[in-house]
Amino acid sequence: MAAACGMALCTTVAAPAAADGGTTTTKPTIVLVHGAFADASSWNGVVERLERRGYTVIAPANPLRGLYNDSTYIASILDSIKGPIVLVGHSYGGALISSAAAGNPRVKSLVYVSALMPDVGESGMSLAARFPSELGTATKSVPYRAGGGVSGTDLYLKPDRLRQVFAADLPQSTTRVLAVTQRPAATTAFSQKAKVAAWKHIPSWFLVAKQDKTINPDQERFEAKRAGSHTVEIDSSHVAMMAHPEAVTDLVLQAAAAADSARPALAATGSARAETEIAGIAAASLIAGAGTVLLGRCLRRRAR
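Sequence positions are assigned chain by chain, starting from 1 and proceeding in written order. This being a predicted model, a pLDDT of at least 70 is required before a residue's local features are given, and a value of 80 or more before pairs of side-chain atoms are given or counted; all residues contribute to the totals for chains, interfaces and linings. Hydrogens and water are ignored here; the side-chain numbers use all heavy atoms of the structure.

A. Seen up close, the packing of aromatic side chains. Only centres within 6.5 Å qualify two rings of Phe, Tyr or Trp (six-membered ring in Trp) as a pair; their planes then separate them into stacked at under 30 degrees, edge-to-face at over 60, and tilted for everything else. The full count for this structure, using the stated rule, is four aromatic pairs. Consider the rings of Tyr112 and Phe206, whose centres lie 5.9 Å apart with planes at 10 degrees: the pair is stacked. Residue Tyr112 is located in strand β4 (residues 107–113), and its partner Phe206 is located in strand β8 (residues 204–209); the two are separated by 94 residues in the primary sequence. Judged by its relative accessible area of 0%, Phe206 is buried. Arg65 extends its terminal NZ or CZ atom over the ring of Tyr144, reaching a point 4.9 Å from the ring centre. Labels follow the DSSP assignment, with helices taken as runs of H or I lasting at least four residues and strands as runs of E lasting at least two, numbered in each case from the N terminus. Residue exposure (1.4 Å probe, protein chains only): buried if accessible area is under 20% of the type maximum, exposed if over 50%, otherwise partly exposed. Think of it as a cone above the ring: NZ of Lys or CZ of Arg counts as a charge over the ring if it is within 6 Å of the ring centre and within 35 degrees of the ring normal.

B. A look at the side chain of Ser123. The residue Ser123 is located in the loop between β4 and α5 (124–130) in this model. Judged by its relative accessible area of 5%, Ser123 falls in the buried class.

C. Layout of the environment of Asp169. Counting through the fold element by element, Asp169 comes out in the loop between α6 (159–166) and α7 (172–181). Sequence separation between Asp169 and Met242 is 73 residues, and the spatial gap between their C-alpha atoms is 9.4 Å. Contact partners of Asp169, with chain neighbours within four places excluded, come to Asp235, Ser236, Ser237, Ala243 and His244. Within the local environment of Asp169, its side chain forms a polar contact with the side chain of Ser237, the two groups lying 2.5 Å apart. Residue contacts are counted whenever heavy atoms from the two residues lie within 4.5 Å of one another. Throughout this description, a polar contact denotes any pair of N or O atoms lying within 3.5 Å of each other; where both atoms belong to protein, one of them has to be capable of donating a hydrogen while the other can accept it, and for residues adjacent in sequence the pair is counted only when both atoms sit in side chains.

D. Quick peek at unusual backbone geometry. Notably, Leu64 is not glycine yet its phi reads approximately 60 degrees, a positive angle. One can find Leu64 in the loop between β2 (57–58) and α3 (67–79). The backbone of Ser114 shows a phi angle near 35 degrees, a positive value even though the residue is not glycine. Its location among the elements puts Ser114 in the loop between β4 and α5. We classify Ser114 as buried; its relative accessible area is 0%.

E. How the structure looks around the sheet that holds strand β5 (residues 139–145). The sheet built from three strands is open, its strands ordered β5-β6-β7 with antiparallel pairing. Each edge of the open sheet carries a strand with a single partner, namely β5 and β7 (185–186). By definition, two strands form a pair when at least two bridges between them are found by DSSP.

F. Local environment of the confidence of the model for the protein. One number per residue, pLDDT, summarises how confident the predictor is, and it ranges from 0 to 100. In the predicted model, the protein carries a mean pLDDT of 84, and the fraction of residues at 70 or more is 78%. When the criterion is pLDDT under 50, residues 264–304 qualifies, and its contacts beyond four places in sequence or with other chains add up to 15 contacts.

G. Highlighting the pairing of strand β6 (residues 151–157). Pairing of β5 with β6 involves seven bridges; the strand directions are antiparallel. For Ser141, the partnering residue across the bridge sits in β6 and is Leu155. Across two bridges, β6 lies against β7 in antiparallel orientation. Residue pairing in the sheet places Asp154 in a bridge with Ala186 of β7.

H. How the structure looks around the packing of α6 against α7. For helices, the fitted line uses only the C-alpha atoms of the stretch in contact; every axis is such a line through C-alpha atoms, and the angle between N-to-C directions lies from 0 to 180 degrees. Their axes nearest at 9 Å, the elements α6 and α7 cross at an angle of 120 degrees. Here α7 runs oblique to α6, going by the angle between their axes. Along this stretch, α6 crosses α7, giving a crossing that reads as right-handed. Across the interface between the two elements, Pro159, Leu162 and Arg163 from α6 touch Gln172, Thr175, Leu178 and Ala179 from α7. Polar here means any residue outside two lists: the nonpolar Ala, Val, Leu, Ile, Met, Phe, Trp, Tyr, Cys and Pro, and the charged Asp, Glu, Lys and Arg; Gly therefore counts as polar. For the contact of α6 with α7, the class distribution of residues is four nonpolar, two polar and one charged. Roughly parallel here means an angle under 35 degrees, roughly antiparallel means over 145, roughly perpendicular means 65 to 115, and every remaining angle is called oblique. Definitions for this section: a left-handed crossing has its near helix turned counterclockwise from the far helix by less than a right angle. A right-handed crossing has that turn clockwise.

I. Fine view of the sheet that holds strand β3 (residues 85–90). Ordered by their spatial adjacency, six strands build an open sheet running β2-β1-β3-β4-β8-β9, and the pairing between neighbours is parallel. The open sheet is flanked by β2 and β9 (230–234), the only strands paired with a single partner. Two elements, β4 and β8, share four bridges in a ladder whose sense is parallel. Residue pairing for β8: Val113 is matched across the bridge by Leu207.

J. Spatial organisation of helix α2 (residues 44–52). Those residues of α2 not exposed but buried are Gly45, Val46, Val47 and Leu50. One or two steps after α2, the chain reaches Gly54, where phi turns positive at roughly 90 degrees.

K. Layout of the side chain of Thr175. Relative to the helices and strands, Thr175 is located in helix α7. Classification of Thr175 by relative accessible area gives buried; the value is 6%. Within the structure, Thr175 has its side chain in polar contact with the backbone oxygen of Gln172 (distance 3.1 Å). Beyond its immediate stretch of four places on either side in the chain, Thr175 contacts Leu162, Arg163, Ala167 and Leu170.

L. Expanded view of the environment of Thr181. Looking at the element boundaries, Thr181 is found in helix α7. Sequence separation between Thr181 and Asp39 is 142 residues; the distance between their C-alpha atoms is 8.7 Å. Of the polar contacts made by the side chain of Thr181, one reaches the backbone oxygen of Val177; its length is 2.9 Å.

Listed below in structure tokens is the structure:
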């Protein structure tokens, strides 16, 4: 009986040490923002790989109506997410994450995939003027009308140029579908000038697509160097996340690991640490009291 009581007492007292030794951390949520002429399904291969690694992933629909409108929309999505965020942008989506992340302390890392990365006062058009690509000869303009008397001009990729300029390393069967299902971008997506540049304050990673015909690879290198981004280069067309989802996933995981390591553990923070210690003392006192009662009962039983 005494041995049984002693074992129970030791188990009870040892419990808080085991609980205190375990630290629960939450992985950052990864938000994937697509660019022009595409939709969120362009991230499918990356989403599958990230989810297999245990990450929560969100790939919102980019409105493609203009830099100011779209970045505000993406920022509202970020506001709905609890905990740290890794924000990833492809192509025009890069311009959006540069604006949407500004002033949001929960965005820990920015990842640019063959993307626009404008500085304050720059636009997609002004960067393209410095670093020309084949995109200018591959688009067609279509006027559009919307409610409230709003009108503008959409840009589409010409179906017969889409594969060459946008996705040369994808099968023709895939690029034929992309041509039919492409989502146009309003010209304001490329003409509006950036008002903020979050990459100046948030660590960034950049994937340069060396075979990109939509955004000049030299522009991508210039942007990455200017921002001090962790940079990789791969032989890919503009849609690297579709043609090489493993390489894109690897880069996102690097940014996610950095975001996770940058977050202080709960026990290291001042008030949280004090509360944890107080709670631990209270629990230990309670358990010690229970142990004393249990030991007393055991001794009385032995005395009988």
